[in-house]
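Descriptive structure summary
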Amino acid sequence: MNIRIPDIENKVLFLGNLITMKPRTLYLIKRAEIETTSRMVKALETYGLTPIQFTVLYFVNDDPADLSSAQLSRRFSMTPQSMNELVSVLEKKKLLKKTTDQSHKRSLRISLTAKGKKVLADCNGVMDSLEATLLKSLSAAETNTLRNLIGKILASAKETST
């Protein structure tokens, strides 16, 4: 099924000929990011969270060994100082807690509080609904392909950044 979406194709005059130009893939990825982020902002504002705060909660919950702030900053490609500020905000909201690592006394481990787990569960329900809405025109196979392709892009980006 071919769907004409604004900004997917542009007619331009080139050397006296009207040609169809397709935008760069990076442009389309950025447009998708802008669209999804704006919807995430609206969906998460009920819970007083930003998309990055939600994502930090999601990753902390997903790691059974608890994470340090340094590990989170590497995962998010952020400076340790920026991640510490983000974690501090989530601590003040009583969604995250820091505990001393018993094997490395100087390291602090970050985990979800009971309130953090509840808020994350509620937010995950909202995100499930948002994903379903945004992906409704894709089949299950297409959604799986999209996930795999995005994974490959992220892996390539990680390889080239080191």
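Shown above is the structure to which this text applies.
Residues numbered from 1 in each chain as written. Predicted model: local features only at pLDDT ≥ 70, side-chain atom pairs only at ≥ 80, totals over all residues. Heavy atoms only, no water.

**Things to note about the pattern of salt bridges**
- Tallied over the full model, the rule gives 5 salt bridges.
- Close ionic contact of Arg 39 with Glu 35 constitutes a salt bridge, the shortest N to O distance being 2.7 Å. With Arg 39 and Glu 35 both in helix 1 (residues 25-44), this residue pair falls 4 residues apart, about one helical turn.
- Residue classification places Arg 39 among the partly exposed residues on the basis of a relative accessible area of 36%.
- Put simply, Glu 91 and Lys 98 hold a salt bridge, and the shortest N to O gap is 3.9 Å.
- The exposure class assigned to Lys 98 is partly exposed, which follows from its relative accessible area of 29%.
- Because the salt bridges share partners, they merge into one network encompassing Arg 31, Glu 35 and Arg 39. (Salt bridge = Lys/Arg side-chain N within 4 Å of Asp/Glu carboxyl O. Helix = DSSP H or I, 4+ residues; strand = E, 2+ residues; numbered from the N terminus. Buried < 20%, exposed > 50% of the residue type's maximum accessible area, 1.4 Å probe, protein only.)

**Some details on the sheet that holds strand 4 (residues 96-100)**
- Across the sheet, which stays open at both edges, the 3 strands sit in the order 3-5-4 with antiparallel pairing between neighbours. Edge positions in the sheet fall to strand 3 (67-68) and strand 4, since each of these pairs with one other strand and no more.
- One ladder, built from 2 bridges, connects strand 3 with strand 5 (residues 108-112); its direction is antiparallel. Each bridged residue has a counterpart across the sheet, and for Leu 67 the counterpart in strand 5 is Ile 110.
- Along the sheet face, helix 2 (residues 51-62) touches strand 3, strand 4 and strand 5 and points at about 105° away from the line of strand 5. (Pairing = 2+ DSSP bridges. Contact = heavy atoms within 4.5 Å. Axes fitted to C-alpha atoms, helices over the stretch in contact; angles between N-to-C directions.)

**Notes on the environment of Leu 44**
- With respect to the helices and strands, Leu 44 occurs in helix 1.
- C-alpha of Leu 44 to C-alpha of Asn 124: the two residues are 80 residues apart in sequence and 9.9 Å apart in space.
- Look past the residues within four positions of Leu 44 in its chain and what remains in contact with it is Leu 49, Thr 50, Pro 51, Phe 54, Cys 123 and Met 127.

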